[in-house]
Structures are given as structure tokens and as C-alpha cells.
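If you want the building blocks of each chain, they are given just below.
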Amino acid sequence: MPETPSTGFSEDELTSFVDAAMEVQAVQQDYMAQIEAAPEDAERQALVQEAQQEMANAVEETEGMDVQTYNEIGQAAQTNPELNERILAMLQTRQQGGAETMTE
């Protein structure tokens with residue numbers, strides 16, 4: 001099944017999206033504690049911006065993915081329950097399988 005007809009995204013794009021989403025989640029987790037522990041608003045805001053840049057870098061470094069496509073798939077998943085369920089299933093399978101993270 002090379003393309004999901006109801007979404008217009010290929011299987012490769014969805015796989016890359018899942019890879020990127022896992023990397024983005026890892027960045028979010030790394031920064032969350034730092035942001036919550038920051039004593040000043042300005043410091044928190046700087047950390048939020050740094051985290052956003054790191055998340056964008058994680059997406060760009062994922063083979064077959066860019067920020068625009070990542071955002072398009074994410075938005076489509078919010079309005080398409082079938083796509084959302086498929087992505088969640090892919091994420092769950094990847095996490096249960098202890099998939100290796102992207103190597104450089």
C-alpha cells in the first residue's frame with residue numbers, strides 16, 4: 001500500500017513523520033524540566049525558542065522529512081481520525097519494538 005488514499009501521504013512520508021515525531025518528543029522532554037525550572041520569564045522564553053529550534057532541526061535531520069511536510073501531516077491528523085489512528089498505531093509499534101533512533 002504505497003499511499004494512503006484518504007490522506008494523500010505516502011507510506012514513506014508517514015514513516016518519516018513518525019521518526020521525526022519521536023525525535024521531537026525527545027527534545028520536548030529534554031527541555032520541559034529546564035523550562036519549568038527557569039526562575040525568570042525571559043529565561044523560560046529563551047529556552048522555549050531554543051527548544052523550538054531543536055525540534056525543527058530534529059525534523060529536518062529526519063530522512064525524507066521537512067518542517068512543512070511534518071506540519072501538514074500533523075494538521076491532517078488532527079482533522080482525519082483515520083490518519084490519526086494510523087500514526088498512533090505506527091508510533092505505538094515503534095515504541096514497543098524499541099526501535100533504534102536515527103543514527104548519523
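Right above here is the structure, for reference.
Because the structure is a prediction, the values reported are computed rather than measured.

A count of helices and strands for the chain gives four helices and zero strands. When contacts within the chain are restricted to residue pairs at least 6 apart in sequence, long-range pairs at least 24 apart make up 67% of them. Carbon and sulfur atoms make up 46% of the accessible area of the chain, which amounts to about 6,900 Å² in all.

This next bit is on the nonpolar core. By size, the foremost hydrophobic cluster in this structure holds 23 residues, and its most contacted members are Leu14, Met65, Tyr70, Ile73 and Ile87. Of all elements in the fold, only helix 1 (11-37), helix 2 (41-60), helix 3 (67-79) and helix 4 (81-96) reach the threshold of two or more residues within this core. With nine residues, the top contributor of residues to this core is helix 1.

Quick look at a negative patch on the surface now. There is a patch of like negative charges on the surface, built from Glu50, Glu54, Glu60, Glu61, Asp66 and Glu72. Per-element accounting of the negative patch gives the leading share, three residues, to helix 2. With respect to the element layout, aspartate 66 can be found in the loop between helix 2 and helix 3. Look at aspartate 66 and you get partly exposed, because its relative accessible area is 31%.

On to helix 4. The end-to-end C-alpha distance of helix 4 is 22 Å, a good match for the 22 Å that 16 residues give at a rise of 1.5 Å each. For helix 4, the complete set of buried residues consists of Leu83, Ile87, Met90, Leu91 and Arg94. Taken end-on, helix 4 shows its buried residues confined to a sector of 100°, consistent with a single buried face. Helix 4 presents Pro81, Glu82, Glu85, Thr93 and Gln96 as exposed residues on the side facing more than 90 degrees away from its buried surface. Where helix 4 starts, the residue carrying a side-chain oxygen 3.0 Å from the main-chain nitrogen of glutamate 82 turns out to be asparagine 80.

A word on helix 3. Given 3.6 residues per helical turn, the α-helix brings residues three or four places apart onto the same face. Here helix 3 contains 13 residues, and its C-alpha end-to-end distance of 19 Å stays within 8% of the 18 Å for a straight helix at 1.5 Å per residue. Looking only at helix 3, the buried set comprises Thr69, Tyr70, Ile73 and Ala77. Projected down its long axis, helix 3 shows its buried positions confined to an angular sector of 105°, all on one face. Residues of helix 3 that are exposed and point over 90 degrees away from its buried face: Gln68, Gln75, Gln78 and Thr79. Contact partners of the buried residues in helix 3: helix 1, helix 2 and helix 4. Backbone nitrogen of glutamine 68 and a side-chain oxygen of the N-cap are separated by 3.1 Å at the start of helix 3; the cap is aspartate 66.

About the cut-offs
- Residues numbered from 1 in each chain as written.
- Predicted model: local features only at pLDDT ≥ 70, side-chain atom pairs only at ≥ 80, totals over all residues.
- Heavy atoms only, no water.
- Helix = DSSP H or I, 4+ residues; strand = E, 2+ residues; numbered from the N terminus.
- Contact = heavy atoms within 4.5 Å.
- Areas by Shrake-Rupley, 256 points an atom, 1.4 Å probe, with all protein chains shown as cover.
- Core = buried A, V, L, I, M, F, W, Y, C linked by side-chain atoms within 4.5 Å.
- Buried < 20%, exposed > 50% of the residue type's maximum accessible area, 1.4 Å probe, protein only.
- Patch = residues over 30% accessible without salt bridge, like charges linked within 9 Å, V, L, I, M, F, W, Y side chains within 5 Å.
- Salt bridge = Lys/Arg side-chain N within 4 Å of Asp/Glu carboxyl O.
- Lys, Arg positive; Asp, Glu negative; His and termini not counted.
- Charge placed at Lys NZ, Arg CZ, Asp CG, Glu CD.
- Expected span 1.5 Å × (residues − 1).
- Arc of directions from axis to C-beta.
- Polar contact = N/O pair within 3.5 Å; in protein donor to acceptor, adjacent residues only side chain to side chain.

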